[in-house]
Amino acid sequence: MTTDITQVKTALRSQAIETPSWAYGNSGTRFKVFAQEGVPRTPQEKIDDAAQVHRFTGSAPTVALHIPWDRVGDYEALAAYARDAGVRVGAINSNVFQDDDYMLGSVTNPDPGVRRKALGHLLECVDIMDLTGSRDLKLWFSDGTNYPGQDDIRARQDRLEEALAAVYDRLGDDQRFLLEYKLFEPAFYATDLPDWGTSYAHCLKLGDKAQVVVDTGHHAPGTNIEFIVAFLLREGKLGGFDFNSRFYADDDLMVGAADPFQLFRIMHEVIQGGGYGEHVAFMLDQCHNIEPKIAGQIRSVMNVQEATAKALLVDIEALRAAQGSGDVLGANAVFMDAYNTDVRPLLAELREDMGLDPDPMAAYNRSGYFEKIREERKGGQAAGWGA
């Protein structure tokens, strides 16, 4: 393998993986949320926990907020608090799926009053971006229908387009929105944003400040996600990822847990498609139901780092030569050689070069941080879904 290890280290050193504030609170599946000790009670405590992930990995400099779950009276002060903790506020995530008013949809609801309410929240999120210095607004809609004939499918697309245009017009010059899609759930007949093509079509019509976000758990079984990534990069429309893993549907398991080879394949397309940099946001979106919150985030960051390191080790010159000559097995062998490389010693060496412990998980366990917050956070209302 002729890859320059120095260049690989340089690329890895610049990697930034955003963690979500809600991953530090109590969260779970539809049947049960298992409460844990030491869970944060405020947005500030969520930021404190996110700062620990960055402290031990060196690659998680931002934390995404979710509104209204992270609503505060002074967002400028919250941004300053994050900076003092050693991280920054990242994407602002909107929430138009929990209020009773949204039973039949938010921005696509047939009731114009409900649509106005939903749009008002989205514009509020842009205001929060202004106050925190955030670049990205994440948009996900649970909107859809459960039964044939329930509503006009085309009319719902018209309403969605109108709302997206209003948000787009409100964005500042250095801001953008990332439009998420989901195959199904909670709408089981026709989801209004069911796939990357629908999201891409809406973003294409609006302009450069509208980008698609790929949640790796939001696809039908067997979907070639790396093809989607390659296509969107080719069109300049891939804005970011929500990284997680799935066995069945939107399981929100730790990234790389179900299919680490898929994560490697995705990162290969990101790197070769010119998406490795500030433009494409690497964000985690996971549900830590039975595993410790902070440790789970550290492990997830490490999983992304390992997949990225392997993707950077692909011998592109040899791969292109094999592809060009029609050497099917040779091309696959180059690919598999990189994937089968044990990159843990390389990453340990890189962390030592960065002044970090070579084993982030062990370092966190030794730090005593969990024992500290377990005592300090007794009492009060623990954060979780909806808080």
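None of the values given here were measured: they were computed from a predicted structure. (Residues numbered from 1 in each chain as written. Predicted model: local features only at pLDDT ≥ 70, side-chain atom pairs only at ≥ 80, totals over all residues. Heavy atoms only, no water.)

A. Layout of the environment of M361. Here M361 shows up in helix α13 (residues 360-367). In the structure, M361 is positioned 38 residues away from Q323 in sequence and 39 Å away in space, judged by C-alpha atoms. With residues up to four places along the chain from it excluded, the contact list for M361 reads A295, I298, R299 and M302. (Helix = DSSP H or I, 4+ residues; strand = E, 2+ residues; numbered from the N terminus. Contact = heavy atoms within 4.5 Å.)

B. Layout of the pairing of strand β9 (residues 238-243). In terms of burial, β9 is a largely internal element, six of the six residues being buried. With four bridges connecting them, strand β8 (residues 210-215) and β9 associate as parallel partners. Residue pairing for β9: V213 is matched across the bridge by G240. The parallel pair β8 and β9 is bridged by helix α7 (residues 225-234), and the resulting crossover is right-handed. Note: β9 against strand β10 (residues 281-284), four bridges, orientation parallel. Across the sheet, the residue bridging to F241 is F282, located in β10. (Buried < 20%, exposed > 50% of the residue type's maximum accessible area, 1.4 Å probe, protein only. Pairing = 2+ DSSP bridges. Right-handed = clockwise from strand over helix to strand, strands pointing away.)

C. Structural context of the packing of aromatic side chains. Considering all chains together, one arrives at 18 aromatic pairs under this definition. Within the aromatic cluster, the residues linked to one another by ring pairs are W196, Y200, F227 and F231. Here the basic side chain of K117 rests over the ring of Y102, its NZ or CZ set 5.3 Å away from the ring centre. Sitting above the plane of the Y339 ring, K310 keeps its charged end 4.6 Å from the centroid. (Phe/Tyr/Trp six-rings, centres within 6.5 Å; stacked < 30°, edge-to-face > 60°. Lys NZ or Arg CZ within 6 Å of the ring centre and 35° of its normal.)

D. Summary view of helix α4 (residues 112-132). Look at α4: 30 Å from first C-alpha to last across 21 residues, which is about the 30 Å you get at 1.5 Å a residue. The set of residues buried in α4 consists of V114, A118, H121, L122, C125, V126, I128, M129 and T132. For α4, the angular spread of the buried residues around the axis is 155°, confining them to a single face. Its buried side turned inward, α4 meets α3 (75-85), β3 (88-93), β4 (136-139), α5 (153-170) and β6 (176-179). (Expected span 1.5 Å × (residues − 1). Arc of directions from axis to C-beta.)

E. Structural detail: unusual backbone geometry. Cis rather than trans, the peptide bond between I67 and P68 has omega equal to 20°. Looking along the chain, the bond that leaves E185 and enters P186 is cis, with omega of 5°. With respect to the helices, strands and loops of the structure, P186 is situated in the loop between β6 and β7 (190-191). The backbone of E185 shows a phi angle near 80°, a positive value even though the residue is not glycine. Take E185: it is sitting in the loop between β6 and β7. One non-glycine residue, D252, lies in the positive phi region at around 55°. Topologically, D252 is positioned in the loop between β9 and α8 (260-272).

F. Representation of α13 within the structure. Along α13, the positions that sit buried rather than exposed are P360, M361, A363 and Y364. Along the axis of α13, the buried residues cluster in a sector spanning 165°; they form a single face. Opposite the buried face of α13, at more than 90 degrees from it, the exposed residues are N365 and R366. Close packing links the buried residues of α13 with α2 (43-57), α9 (293-312), α12 (344-353) and α14 (369-376). Just downstream of α13, G368 is the residue with a positive phi angle, here 80°.

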